[in-house]
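Structural features, examined
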Amino acid sequence: MRIQSSRGLTGATRVLTLLIVFVLGVGVGGIAITRPLDEKADLTLFWKAWGVVDRLFYGDASVDARVEGAIAGMVAGLGDPYTQYLPPDDSERFQEDLTGEFGGIGAELTVKDGLITVVSALRESPAEAAGLKAGDILLEIDGEDATSMTLNGSIERIRGEVGTTVRLSVAREGESRPLLITITRDTITVESVEQEQIGSTRFITVNQFGADTVELFEAALNEANAARDQAVVVDLRNNPGGYLDGAIKMLGMVLPEKSVLEGGIRDRVAVIERGKEGGDKRLIAKGRQIWEGKLVVLVNEGSASASEIFAGAV
């Protein structure tokens, strides 16, 4: 089970992942009731409602399903579009996506102003070929109203068997009426890092911060050094993000161990986390600097989450 939160980062969908395990004793034998972690919480009404369901619900009142629904409702009640509850199946799919291979149309989605919005269409994906663009707002999915769907609900409807089609109605800035886009589903394989040498410059495209990205990025920088390249361009355009710790490790490969800022010296701060209790936590880019030459970072409106952190730190 996963609760994912990335509040306050533009378009961020996968920056910080908080794993929270609820020991509720759920299983074949039922549920074990324990004292609330927050002593101030009055769950009297909750347990009254639980009892009403036990007595009056005409059907199979599954304990597991009710617990899942209660957690989902609690998180939804926060009113924050960037904090979402992922049940076990969705959490597993989330992990599969970061391995670089999944089924679908090849588009990254998020919730913006309460609406399902395209972060980016992946390179050479069915979504890109069909003309789906960053910033498009989903109005309908196969004729169903998408404006009231959850993020996970919209993903479930868009995914399907390879070779089948999905029809999207989208609102796009500058267009006076909705656009209808039909996309044929395919197996999506995302190479998290690609590289190309043009003259004395090495272009390293980072498509997402996945499970193998750090290793592939390090290899690309080593090749740049071996080839005596004069400059490295890190292309983060349309990169929706991924593992935060991966981005921090990669920053350690390109940032000097000491950086000069406004006449002084600072540590290699990748990002500063600020929690509800106050106080700042500085996440430092550690490790040996591999690349010491010229460095350019490319971003666009499809760069989100860990991409923003990487670019901002540089």
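Quantities reported herein were computed from a predicted structural model and do not represent experimental measurements.

**Overview of the packing of aromatic side chains**
As enumerated under the stated definition, the model contains four aromatic pairs in all. Plain terms: the ring middles of F46 and W47 are 4.8 Å apart, the flat faces sit at 80° to each other, and that makes the pair edge-to-face. Overall, W47 belongs to the partly exposed group, its relative accessible area being 34%. Taken together, the aromatic side chains of F46, W47 and W50 make up a single cluster linked through ring pairs. Note that R66 overlies the ring of W50, its terminal NZ or CZ placed 4.1 Å from the centroid.

**Section: the nonpolar core**
If you look at the biggest cluster of nonpolar residues, it comprises 28 residues, and the most contacted ones within it are I204, V206, F209, F217, L221 and F310. Of all elements in the fold, only β13 (201-206), α6 (213-226), β14 (231-235), α7 (244-254) and α8 (306-313) reach the threshold of two or more residues within this core. Sort the elements by how many residues they give to this core and α7 lands first, with seven residues. Those residues within four positions of L221 in sequence are excluded, and the remaining contacts are I204, V232, M253, V254, I290 and W291. Core analysis: the next-biggest nonpolar cluster, separate from the first, contains 19 residues, A121, I141, M149 and L168 among them.

**Examining the sheet that holds β13**
With mixed pairing, the four strands of this open sheet are ordered in space as β12-β13-β14-β19. A single partner strand is all that each edge strand has here, and the edge strands are β12 (193-198) and β19 (294-298). The sheet shows a mean angle of 20° between the axes of neighbouring strands, taken without regard to direction. Summarising the sheet, β13 and β14 pair through five bridges and their orientation is parallel. Following the sheet pairing, F203 is matched in β14 by V233.

About the cut-offs
Residues numbered from 1 in each chain as written. Predicted model: local features only at pLDDT ≥ 70, side-chain atom pairs only at ≥ 80, totals over all residues. Heavy atoms only, no water. Phe/Tyr/Trp six-rings, centres within 6.5 Å; stacked < 30°, edge-to-face > 60°. Buried < 20%, exposed > 50% of the residue type's maximum accessible area, 1.4 Å probe, protein only. Lys NZ or Arg CZ within 6 Å of the ring centre and 35° of its normal. Core = buried A, V, L, I, M, F, W, Y, C linked by side-chain atoms within 4.5 Å. Helix = DSSP H or I, 4+ residues; strand = E, 2+ residues; numbered from the N terminus. Contact = heavy atoms within 4.5 Å. Pairing = 2+ DSSP bridges. Axes fitted to C-alpha atoms, helices over the stretch in contact; angles between N-to-C directions.

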